[in-house]
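One-letter residues, chain by chain:
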Amino acid sequence: MATNVVLVNEEFDVVGTRPIRPDGNAKVTGRARYSADMTLPRLLQGKILRSPHAHARIKSIDVSKALALPGVKAVVTSADFAQPGGKVADLGEGAMANPKWISNNCMAAEKALYKGHAVAAVAATSMQEADEAIALIDVDYEVLPAVIDLETAMKDGAAVLHERLANSENANIRPGGLRDDDDSGKATNISNHFFFELGDIEQGFKEADIIVEREFRTATVHQGYIEPHSATAMWGEDGKLTIWCSSQGHFQIRDLTSLILGIPVSQIRVVPMEIGGGFGGKTVIYLEPVAAALSQKARRPVKISMSRAEVFEATGPTSGSSIRVKIGATNDGKITGADITMIYEAGAFPGSPIIQACQCVLTPYDIANGRIEGYDVVVNKPKAAAYRAPGVPAAAFAAESVIDEICEKLGMDPLDFRLLNGAKEGTRRVTGPINPRIGYLETVQAARDHDHYSTRLEGPNRGRGVAGGFWFNGTGPSSATASVLADGTVSLVEGSPDIGGSRTAVAMQLAEVLGIAAEDVKPQVGDTDSVGFTSMTGGSGVAFKTGWACYEAAHDIRRQMIERAAKIWDVAVDDVDYTGGVIAHKSDPELKFTFKQLAGRLNGTGGPIVGNANVNPTGAGPGFAVHIVDVEVDPETGKVDILRYTALQDVG
């Protein structure tokens, strides 16, 4: 597919302006529909029974009393899910996650692995009846010792969450620690281990005049989105399943539900609702397959909504961490060596953002001798989920704190230190890649030159801090379909859930290409049956990838508008120009249409015009940042007030 490139120094008419958001009116008036707003005829209320134990073997589940309760229409347990085998041979080529773990996080099978872990669910004609039914389910637990901190989890003899995880000394175990039943590796809670090294770390520290080594702990923190999880499922008589939910990726919800229930993706339609906050925490599947299984049994639609307590007990927080940072430098401020070990909580199932932390922690710096080691460790807490540059804030906090301490000991300005050691184009990262064109040093210099940094900070108990950071921007497959309407507006259907104005951002890119007002584009997020596959929405990728899809769809419309004008005028396509929303003959000034004028003639001159694009763009630029903050601390309470904050970003 041909790629159209916009020059970075081009002046824009729409991009960079502040149009009225198309979703704004519905949200401020309360008309916007979120997942908990769903209601359907004969809708049943779903409720989940959750484990009171952090670690327990499930010996049996007796649901007979619950089923006998009037008003109860269905009960499900893990036995109602298509249990993937979980063996190495079952994962398939290129598998990124074990499907058994995904399934068992939605509904516990052999074990409950955290307090709040779902073990059964009911559907009833009222919430009161559902609550009563849950209380009647009898679960026989064998309570096991729980491990809730990293140090305990990694010790020899610690209670093991997954007997199928084994240490890396066993040659039969692939990376990730998964083993088959006949493997003899020792069971462990360490589910993955990463190691990166560049140069000679021992020599680097020998050359240092000053070495600072510190340890840091960060706690488990929930994303805290306002909207609790909710999902409604309806299994039709035609065998087609429809799900309404709020997520950061309804195609992912569809695909994971297919995996867990063992039905084809073609039989599942997921309808995205407005999302009341996610921050990475709504990239995970929890309720959808449970509601679907209940609906299939009851032959009626089922809605399950979490309480706030359930959100905190049973959905993914960011990982707690234990981080050791050792950095050496010369007296003139040059970093000679850096050694970092990071241990991240994965929660009950493998998969913390430790690899992201490893990739990002030292990337702002040019370090010849470096070592980064990362561990992914399972503990008896809810499975960790993404949270705003997953894993990296904790890593940056640790590394930047040590760098600031080195600057203090050397008596060196912290931004001058970062200018001296900052990464640039051609710098090899400790993790291996060589930097493309980047702007980290420019952000540091911009911070150095900013009046915030030079303004004197007056008053007691006040301080100023600076920090740098890196995140790799994302991309992925994305789709868009744009239809030209007779009144000169464009109906845009795109596949990315809107987590913060993204539908406005991508509509602006389409409007820019077509030379029309942003308000003349009517964007909506399509369901999984009405738009092509689109990968998960993340703050660092959606405006890029879905914006690119809309950009290409706009060029498709532009091409067709030129062809239609040429047909109407009976001239060659090469004689027609399209600039600023005006289609005109290059040499005959009498032959001219505005976008709106031509739009009104389409249906009578060959039919409607629809622009389509399906993209998977590469080249998402890395993002660097330097932030400056002034704070005031209350010495009696420890309360911190932010007085001034300046963010300088290289956005890629």
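Residues numbered from 1 in each chain as written. Predicted model: local features only at pLDDT ≥ 70, side-chain atom pairs only at ≥ 80, totals over all residues. Heavy atoms only, no water.

Some words on the overall build of the chain
Link 1 in the chain: Each helix and strand in the chain was counted, giving 18 helices and 25 strands.
Link 2 in the chain: The C-alpha atoms of the chain give a radius of gyration of 28 Å, which matches the 26 Å a tight globule of 652 residues would have.
Link 3 in the chain: Taken along its principal axes, the extent of the C-alpha atoms in the chain is 85 × 80 × 55 Å.
Link 4 in the chain: For the chain, the proportion of its 652 residues judged to be buried stands at 53%. (Helix = DSSP H or I, 4+ residues; strand = E, 2+ residues; numbered from the N terminus. Rg over C-alpha atoms; globule rule 2.2 N^0.38 Å. Buried < 20%, exposed > 50% of the residue type's maximum accessible area, 1.4 Å probe, protein only.)

Overview of the pairing of strand 14 (residues 335–347)
Link 1 in the chain: For strand 14, the buried fraction is high: 13 of the 13 residues fall into the buried class.
Link 2 in the chain: In terms of strand pairing, strand 13 (residues 321–329) meets strand 14 through nine bridges, oriented antiparallel. Bridged to S322 within strand 14 is I343.
Link 3 in the chain: Hairpin connection between strand 13 and strand 14: a loop of five residues separates the two successive antiparallel strands, and G333 in this loop has a positive phi of roughly 95 degrees.
Link 4 in the chain: Here strand 14 runs beside strand 15 (residues 370–378); their pairing, made up of nine bridges, is parallel. Residue T341 lies in a different strand from strand 15, and its bridge partner there is E373.
Link 5 in the chain: In this fold, the crossover linking strand 14 to strand 15 by way of helix 11 (residues 354–360) has right-handed handedness. (Pairing = 2+ DSSP bridges. Right-handed = clockwise from strand over helix to strand, strands pointing away.)

Some points on the pairing of strand 25 (residues 640–650)
Sheet faces and side chains relate simply in a regular strand, where the side chains alternate between the two faces.
Link 1 in the chain: Relative to strand 25, strand 24 (residues 622–633) is paired through 10 bridges, and the arrangement is antiparallel. Residue pairing in the sheet places H627 in a bridge with A647 of strand 25.

Here we look at empty space enclosed by the protein
Link 1 in the chain: By the definition in use, this model includes five cavities of 30 Å³ or more.
Link 2 in the chain: Roughly 70 Å³ of internal volume is contained in the largest cavity.
Link 3 in the chain: Lining the largest cavity are H229, S230, S246, S247, I253, K282, V284, I285, Y286, L287 and E288.
Link 4 in the chain: Classifying every residue of the lining of the largest cavity by side-chain character gives five nonpolar, four polar and two charged.
Link 5 in the chain: Of the pockets and cavities examined, the second largest cavity occupies roughly 50 Å³.
Link 6 in the chain: Along the walls of the second largest cavity sit I48, R50, N105, C106, Y114, A118, Y286, L287, M306 and A314, which together make up its complete lining.
Link 7 in the chain: Of all the secondary structure elements, the ones that give two or more residues to the lining of the second largest cavity are strand 1 (44–50) and helix 4 (99–106).
Link 8 in the chain: In terms of residue class, the lining of the second largest cavity is built from eight nonpolar, one polar and one charged. (1 Å grid on protein atoms, 1.4 Å probe; cavity = no way out; pocket = protein on both sides within 12 Å on 5 of 7 lines; lining within 4 Å. Points joined across faces, edges and corners; volume = space filled by probe spheres on them. Nonpolar A, V, L, I, M, F, W, Y, C, P; charged D, E, K, R; others polar.)

Concerning the packing of aromatic side chains
Link 1 in the chain: Applying the stated criterion to the full structure yields nine aromatic pairs.
Link 2 in the chain: Ring geometry for F251 and F533: centres 5.3 Å apart, planes at 65 degrees, overall edge-to-face. Of this pair, F251 sits in helix 8 (residues 250–261) while F533 sits in the loop between strand 19 (521–525) and helix 17 (542–569), and the two are 282 residues apart along the sequence.
Link 3 in the chain: A residue is classified by how much of its surface remains accessible, and F251, at 1% relative accessible area, is buried.
Link 4 in the chain: Within the aromatic cluster, the residues linked to one another by ring pairs are Y365, Y440, F470, W471, F472 and F624.
Link 5 in the chain: The ring of F205 has K326 sitting right over it, with the charged end atom 4.4 Å from the ring centre. (Phe/Tyr/Trp six-rings, centres within 6.5 Å; stacked < 30°, edge-to-face > 60°. Lys NZ or Arg CZ within 6 Å of the ring centre and 35° of its normal.)

Notes on the nonpolar core
Note on soluble globular proteins: their nonpolar side chains tend to be buried together.
Link 1 in the chain: One finds I323 and M342 to be the most contacted residues of the largest nonpolar core, which totals 48 residues.
Link 2 in the chain: Top element by residues in this core is helix 12 (residues 392–410). It accounts for nine residues.
Link 3 in the chain: The residues touching M342, leaving out its near neighbours within four places in the chain, are S322, I323, I354, A357, C358, V361, I372, E373, G374, Y375 and A395. (Core = buried A, V, L, I, M, F, W, Y, C linked by side-chain atoms within 4.5 Å. Contact = heavy atoms within 4.5 Å.)

Focus: the packing of helix 16 (residues 502–514) against helix 17
Link 1 in the chain: Running from amino to carboxyl end, helix 16 crosses helix 17 at an angle of 30 degrees, the nearest separation of the two axes being 8 Å. Between helix 16 and helix 17, the angle falls in the class roughly parallel. Relative to helix 17, the crossing made by helix 16 is right-handed. Residue-level contacts link S502, V506, Q509, L510, V513 and L514 of helix 16 to V542, A543, T546, G547, W548, C550, Y551, A554, H555, I557 and R558 of helix 17.
Link 2 in the chain: Within the contact of helix 16 with helix 17, the residues separate by chemical class into 11 nonpolar, five polar and one charged. (Axes fitted to C-alpha atoms, helices over the stretch in contact; angles between N-to-C directions. Parallel < 35°, antiparallel > 145°, perpendicular 65-115°, else oblique. Left-handed = near helix turned anticlockwise from the far one by under 90°.)

Focus on the sheet that holds strand 17 (residues 478–484)
Link 1 in the chain: If you trace the four strands from one edge of the open sheet to the other, you get 19-18-17-23, paired in mixed fashion. At either end of the open sheet lies a strand with only one pairing partner, and these are strand 19 and strand 23 (610–615). Neighbour-to-neighbour, the strand axes of the sheet open up by a mean angle of 15 degrees, direction not taken into account.
Link 2 in the chain: Sheet topology note: the strand 18 (residues 490–494)/strand 19 ladder contains five bridges and is parallel. For L492, the partnering residue across the bridge sits in strand 19 and is P523.
Link 3 in the chain: Along the sheet, helix 17 makes contact with strand 17, strand 18 and strand 23, crossing strand 23 at roughly 145 degrees.

Quick word on the packing of helix 12 against helix 13 (residues 414–421)
Link 1 in the chain: Relative to each other, helix 12 and helix 13 sit at 110 degrees, their axes nearing to 9 Å. Classified by the angle between their axes, helix 12 and helix 13 sit roughly perpendicular to one another. Seen along the crossing, helix 12 lies across helix 13 with a hand that is right-handed. Counting all contacts with helix 12, which are made through E400, I403, D404, I406, C407 and L410, the residues of helix 13 involved are P414, F417 and R418.
Link 2 in the chain: Within the contact of helix 12 with helix 13, the residues separate by chemical class into six nonpolar, no polar and three charged.

Examining helix 13
Link 1 in the chain: Restricting attention to buried positions, one finds in helix 13 the residues L415, F417, R418 and N421. End-on view of helix 13: buried residues confined to an arc of 155 degrees, all on one side of the axis.
Link 2 in the chain: The opening residue of helix 13 is D413, an N-cap whose side-chain oxygen sits 2.8 Å from the backbone nitrogen of L415. (Arc of directions from axis to C-beta. Polar contact = N/O pair within 3.5 Å; in protein donor to acceptor, adjacent residues only side chain to side chain.)

Section: the sheet that holds strand 25
Link 1 in the chain: Read from one edge of the open sheet, three strands run 16-24-25, paired in antiparallel fashion. Strands at the two margins of the open sheet, each flanked by one partner only, are strand 16 (462–472) and strand 25. Recorded for the sheet is a direction-independent mean angle of 20 degrees between the axes of neighbouring strands.

Considering the pattern of salt bridges
Link 1 in the chain: In the structure shown here, the tally under the stated rule is 41 salt bridges.
Link 2 in the chain: For R462, the salt bridge goes to E632, with nearest N and O atoms at 3.3 Å. Highlighted residues: R462 in strand 16 and E632 in strand 24, separated in sequence by 170 residues.
Link 3 in the chain: Of the charged contacts in the structure, one is a salt bridge between D630 and R464, with a shortest N-O distance of 2.7 Å. Of this pair, D630 sits in strand 24 while R464 sits in strand 16; the two residues are 166 residues apart in sequence, bridging distant segments of the chain.
Link 4 in the chain: Taken together, the shared-partner salt bridges in this structure form one network comprising R21, D23, K27, E274, D498 and R503. (Salt bridge = Lys/Arg side-chain N within 4 Å of Asp/Glu carboxyl O.)

As for the side chain of N369
Link 1 in the chain: Structurally, N369 is set in the loop between helix 11 and strand 15.
Link 2 in the chain: One polar contact links the side chain of N369 to the main-chain amide nitrogen of D200, over a distance of 2.8 Å.
Link 3 in the chain: Among the polar contacts made by the side chain of N369, one reaches the main-chain carbonyl oxygen of T336 at a distance of 3.0 Å.
Link 4 in the chain: In contact with N369, not counting residues within four places along its chain, are L198, G199, D200, I201, G204, T336, G337 and A338.

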